[in-house]
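# Per-entry structural report
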Amino acid sequence: MCGIIGYIGTKPANEVIFDLQSSRVKSKYEVKIAAVAKRMLANKKLQLDIFSYLTKEQLTKANVELATKRMEAIYYILVNRYMIDQNRIRYDIVEPAEEVGSSDIRCDMVYR
C-alpha cells in the first residue's frame, strides 16, 4: 500500500503533526481525523490519500518505517473507529515541494 517518492506541492488543512520519533496521534489531531471521517461518511464517493513526506536524503529504512507507521496510525483510526471502508483510503510517502518546508513530522489527509 505504500510506495516511495511521488511529489506534492500544496499544504492541505487536514494535517497531523507528530512528535519526533513518534507515531502516536495526539488528541488534538484526532479532532481533524474525526472531521475527515464525518465528511467521508456523509459522502460515500469521497476517497482519501494520506501523505507522509521524506526527501531523498531522508530515505533510510528507519525513516520509511516511521513514516509508514504514522500514516497507518491515521488509517487505522479511520477504518477501525469510524468504519471507513479501507478501499477508500490510500497512503504514500512523497517528496515535499520546497515551499512545504520541513515536513518530516507531518502527514496530510487529502480528498480525491
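Criteria and cut-off values
Residues numbered from 1 in each chain as written. Predicted model: local features only at pLDDT ≥ 70, side-chain atom pairs only at ≥ 80, totals over all residues. Heavy atoms only, no water. pLDDT = per-residue confidence, 0-100. Helix = DSSP H or I, 4+ residues; strand = E, 2+ residues; numbered from the N terminus. Contact = heavy atoms within 4.5 Å. Buried < 20%, exposed > 50% of the residue type's maximum accessible area, 1.4 Å probe, protein only. Expected span 1.5 Å × (residues − 1). Arc of directions from axis to C-beta. Salt bridge = Lys/Arg side-chain N within 4 Å of Asp/Glu carboxyl O.

### Some remarks on the confidence of the model for the chain
Confidence in the prediction of the chain, expressed as mean pLDDT, is 85, and 81% of residues score 70 or more. When mean pLDDT is taken per element in the chain, helix α2 (residues 61-81) scores highest with 96 and strand β1 (residues 4-8) scores lowest with 38. Under a pLDDT of 50 for its full length, residues 1-11 has, in the predicted model, 41 contacts with residues more than four places off or in other chains.

### Thoughts on the environment of Ile89
With respect to the element layout, Ile89 can be found in strand β4 (residues 89-96). Note on Ile89: relative accessible area 2%, which makes it buried. Along the primary structure Ile89 and Leu46 are separated by 43 residues, whereas in three dimensions their C-alpha atoms are 9.5 Å apart.

### Notes on helix α1 (residues 27-42)
An α-helix turns once per 3.6 residues; consequently, residues spaced three or four apart project the same way. Helix length check: α1 (16 residues) gives 23 Å between terminal C-alpha atoms against 22 Å at 1.5 Å per residue, within 8%. All of the buried residues in α1 are Tyr29, Ile33, Val36, Ala37 and Met40. Relative to the axis of α1, the buried residues are bounded by an arc of 100° and lie together on one face. Those residues of α1 that are exposed and aimed more than 90 degrees away from the buried face are Ser27, Lys28, Val31, Lys38 and Ala42. Check the buried side of α1 and you find it contacts β2 (15-17), β3 (48-53), α2, β4 and β5 (106-111).

### Looking at the pattern of salt bridges
As enumerated under the stated definition, the model contains seven salt bridges in all. Among the ionic pairs, Glu15 bridges to Arg106, the shortest N-O distance being 3.5 Å. Here Glu15, found in strand β2, pairs with Arg106, found in strand β5; they are 91 residues apart in sequence, far enough to count as distant. Like Glu15, the residue Arg106 is buried in the burial classification. In this structure, Asp49 and Arg112 form a salt bridge, with 2.7 Å as the shortest nitrogen-oxygen distance. In this pair, Asp49 sits in strand β3 while Arg112 sits in the segment after β5, placing the two residues 63 residues apart along the sequence.

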